[in-house]
Amino acid sequence: MSDGKILESKIVDAEHMAKEFKEHSVAEFFKKNKQMLGLYGKVRTLTTVIHEYVSNSIDACEEANILPDIEVKIEEISPEYYEIMVKDNGPGLTQETVGKALGQLLAGTKFHRLIQSRGQQGIGASGITMLSQTTTGKPTRVITGTGKGKPISLEISIDPKLNRPKIANLKELDRDFRGLAVQAKIKGILYRDSEQGPLEYLRRTAIANPHTQIKFTDPTGQKFLFKRSAAAIPKPPIAVKPHPKGVTVDEIVTLSKYTKARNVSSFLRSDFDRMGQKSLEQISKKVSFDLKKDPKQLRWDEAEEIVKAFKATDFIAPSADALRPIGEERIKKSLENIVEPEFSHVLTRKPQVYSGGFPFQVEIGICYGGKSGRTVQGNEGQEKRLEIMRFANRAPLLFDTGNCAITKAVHSIDWKRYDIKDIDRAPVTILVNFLSVYVPYTGAGKQAIADEEEILEEIRLALMQSGRKAGRYISTKRKEAERMMKRELFYKYIPEIVAALNAITNDNKEMLDKKLRKIVLTKLKLDDAKDAKEAKENGEANGEEEAGKKEEKKGKEEEKKEPKKEEKKKPKKAGKKKQGEK
């Protein structure tokens, strides 16, 4: 109200509002929401840039069957303004694909395939090109060579309105080069030698990728070399088809429109994993339409019937061909090279399934003593604390620690049962590598794994299994230390006791000394025998018996469900829950 008059607001009609209606490209969206790509925080942003380029380089080298040699250089131009250069010896990019790979968001070779890879969405490297462009106004410089013909150099930027790459200064180079070299200038970032900085990222990358050699030059000019400890390239994973237990109605409808199959029956057999003749016969009895119909004519309600039939049908668990673990021997050698532990135990678990249809696998490494754990400055000088190394498909995860299934699984274990009284203050390094064709990240920044029930429980089981091994070592070491202290204590007072007895009995001092030492040794042996008996009766006092029974029971259940003969044995159900520690 103003001057006693009521102001009437003018109603805006739909036609006027329609004039403001505009379409936006995915590039424009991420330009305004770069935090969704993990590009926020000065230190985090720089580490994310290194992560995107390095993980792409390793993936490309592995797919081309090339031992990766990667060079990373960070140069400070001015405060919070850096030039980043990453070069590899991989297959390179062709002139036709280099623009899309580095200058178009959601373009790549990974998102549409069910296969283990470090990247998934085809966003990362293009997101860095856009970051460089929006913070400095400068394009990203690229040199690429495929080994065929002359290498080319060019400058790439992105048209955010169209989500299309813009290429400039394209020219051939008169020299030999195979691989990819990317150079980007970025403002608003900061280099720190910290637990979440580029150096630590590259250190962990070297641990999880022992076949990779990495050279790193930091902004001060200091050089680091992470030598490869394995000379063999891991066998490439094989892309798999969608598993029936993991597909939705929409996915079936979409796949049916593009299949080459002529009827629904052959469509299900050719486009889905673990689909045998018996499964098809069961499905045909559970749907109301003929499976001989053209899949391109499949209706939504019919696709719903197929999904319901899938849920009511037993399928063998998804193929693990798409997964390639690092391997126990390689992880152990890598940890011994870089962490130099006093004790280490490495475990690679059998593949499992989450969300009904996605295969996954867990690898665990536990290190104790030596250089294990992270060093922090405490009240009494430098102290060792728990270090959790998280990986997804061999790529280090340095951020969003508390929101990750791996961290939650580690802190859900009662480590006192494994003779680790305070896990947070112990000289312990725990490595967890999560492998899957589809990693359920909590965000587009790809730094934390969602705590799906099956994933969390499998990591817990792996930690308990490795914890028992570590507990044995720690327990043995503690008992040995106690035994030595007891021995030293007894021997310390023997001369005094001998002198006192000699004064009382006048017996020979040498004879008394000999008898007392014999008594001490006998006592120590009796104590050792008692400890061994108690350890055996109590299952090493760390829950080994209980956990062992669960593992044995689980193994027998899996053995029973293994389809040795399809007509006699029932297949293993996909997505079955596992029992963990109570």
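Residues numbered from 1 in each chain as written. Predicted model: local features only at pLDDT ≥ 70, side-chain atom pairs only at ≥ 80, totals over all residues. Heavy atoms only, no water.

For the rest of this paragraph, the subject is the overall build of the protein chain. Within the protein chain, the regular secondary structure consists of 15 helices and 16 strands. Within the protein chain, buried positions represent 46% of all 582 residues. A fraction of 72% describes how many contacts in the protein chain between residues 6 or more apart in sequence connect residues 24 or more apart. Surface exposure of the protein chain reaches about 31,200 Å², of which carbon and sulfur atoms provide 51%. (Helix = DSSP H or I, 4+ residues; strand = E, 2+ residues; numbered from the N terminus. Buried < 20%, exposed > 50% of the residue type's maximum accessible area, 1.4 Å probe, protein only. Contact = heavy atoms within 4.5 Å. Areas by Shrake-Rupley, 256 points an atom, 1.4 Å probe, with all protein chains shown as cover.)

In this structure, N169 takes a positive phi of about 50 degrees despite not being glycine. Within the secondary structure, N169 sits in strand β5 (residues 164–172). We classify N169 as exposed; its relative accessible area is 54%. Backbone geometry places R394, a non-glycine residue, at a positive phi of 75 degrees.

Within the secondary structure, K245 sits in the loop between β8 (223–226) and α7 (249–258). Looking at K245, the relative accessible area reads 22%, which means it is partly exposed. Linking K245 and D314, residues 69 residues apart in sequence, is a C-alpha distance of 9.2 Å. Within the local environment of K245, its side chain forms a polar contact with the backbone oxygen of K311, the two atoms lying 3.0 Å apart. (Polar contact = N/O pair within 3.5 Å; in protein donor to acceptor, adjacent residues only side chain to side chain.)

As a further point, take the pattern of salt bridges. Per the stated rule, a full pass over the model turns up 22 salt bridges. Across the pair K293 and E302 runs a salt bridge, and its minimum N-O distance is 2.8 Å. When its relative accessible area of 22% is taken as the criterion, K293 is described as partly exposed. In this structure, E302 and R299 form a salt bridge, with 3.2 Å as the shortest nitrogen-oxygen distance. On the basis of relative accessibility, which here comes to 4%, the residue E302 falls in the buried class. Each member of the salt-bridge network shares a partner with another, and the members are E200, R203, R204 and E387. (Salt bridge = Lys/Arg side-chain N within 4 Å of Asp/Glu carboxyl O.)

Here we come to the pairing of strand β1 (residues 69–78). Across 5 bridges, β1 lies against strand β7 (residues 213–217) in parallel orientation. From the neighbouring strand, I70 faces β7, where its bridge partner is I214. Inspection of the sheet shows β1 paired to strand β2 (residues 81–88) by 7 bridges, in the antiparallel sense. Within β2, the residue paired with E75 across the bridge is E83. From the end of β1 to the start of β2, which pair antiparallel, there are 2 residues, and E80 there has a positive phi angle of about 60 degrees. (Pairing = 2+ DSSP bridges.)

Looking now at the confidence of the model for the protein chain. Close inspection of predicted coordinates is inappropriate for parts of the model with low pLDDT. Mean pLDDT over the protein chain: 82, with 80% of residues reaching 70 or higher. Counted against residues more than four places away or in other chains, residues 108–112, with its pLDDT under 50, gives 8 contacts. pLDDT under 50 marks residues 558–582. Its contacts with residues more than four places away, or in other chains, come to 56 contacts. (pLDDT = per-residue confidence, 0-100.)

The subject of this paragraph is the packing of aromatic side chains. Per the counting criterion, the structure on display carries 12 aromatic pairs. When the ring of Y191 is compared with that of F216, the centres are 6.3 Å apart and the planes differ by 35 degrees; the resulting orientation is tilted. Here F216 lies in strand β7 and Y191 lies in the loop between β6 (178–187) and α6 (198–208), a separation of 25 residues in the sequence. Overall, Y191 belongs to the buried group, its relative accessible area being 11%. Exposure remark for F216: the relative accessible area of 1% places this residue in the buried category. Look at F360 and F434: their rings are 5.5 Å apart centre to centre, the planes differ by 25 degrees, and that puts the pair in the stacked class. Taken as a pair, F360 in strand β11 (residues 358–368) and F434 in strand β16 (residues 428–436) lie far apart in primary sequence, 74 residues in all. Across the pair, F434 and F360 agree in class, each one buried. An aromatic cluster of three or more residues is present, and its members are Y354, F358, F360, F434 and Y438. (Phe/Tyr/Trp six-rings, centres within 6.5 Å; stacked < 30°, edge-to-face > 60°.)

Now for the side chain of T205. Tracing the backbone shows T205 in helix α6. Apart from residues no more than four positions distant in its own chain, T205 is found in contact with V54, I58, I214 and P396.

Turning to the nonpolar core, a few remarks are in order. Counting 39 residues, the largest nonpolar core has V362, W415, V428, I430, I449, I459 and L463 as the members making the most contacts within it. Among the secondary structure elements, those contributing two or more residues to this core are β9 (343–348), β11, β14 (387–392), α12 (405–411), β16 and α13 (453–505). Per element, the largest residue contribution to this core is 8 residues, and it comes from α13. Apart from the residues within four sequence positions on either side, W415 is in contact with I366, V410, I420, I423, I430, L463 and G467. Within the second largest apolar cluster, 38 residues are counted, among which are V49, A125, I128 and I214. (Core = buried A, V, L, I, M, F, W, Y, C linked by side-chain atoms within 4.5 Å.)

As paired strands, strand β12 (residues 374–378) and strand β13 (residues 381–385) are joined by 5 bridges and run antiparallel to one another. Paired with Q377 across the strands is Q382, a residue of β13. Counting the residues that bridge the hairpin from β12 to β13 gives 2 residues.

What follows concerns the packing of α7 against helix α10 (residues 300–311). In contact at an axis separation of 9 Å, α7 and α10 are set at 120 degrees when each is read in the N-to-C sense. Relative to α10, α7 is oriented oblique. As for the relative orientation of α7 and α10, their crossing is right-handed in sense. Along the contact surface, α7 presents V249, D250, I252 and V253, while α10 presents W300, A303, E304, I306, V307 and F310. (Axes fitted to C-alpha atoms, helices over the stretch in contact; angles between N-to-C directions. Parallel < 35°, antiparallel > 145°, perpendicular 65-115°, else oblique. Left-handed = near helix turned anticlockwise from the far one by under 90°.)

The next thing to look at is α10. Over its 12 residues, α10 extends 17 Å from the first C-alpha to the last, a length consistent with the 16 Å expected when each residue adds 1.5 Å. Every buried residue of α10 is listed here: E302, A303, I306, V307, A309 and F310. The arc that holds the buried residues of α10, viewed along the axis, is 160 degrees, so those residues lie on one side. Residues of α10 that are exposed and point over 90 degrees away from its buried face: K308 and K311. (Expected span 1.5 Å × (residues − 1). Arc of directions from axis to C-beta.)

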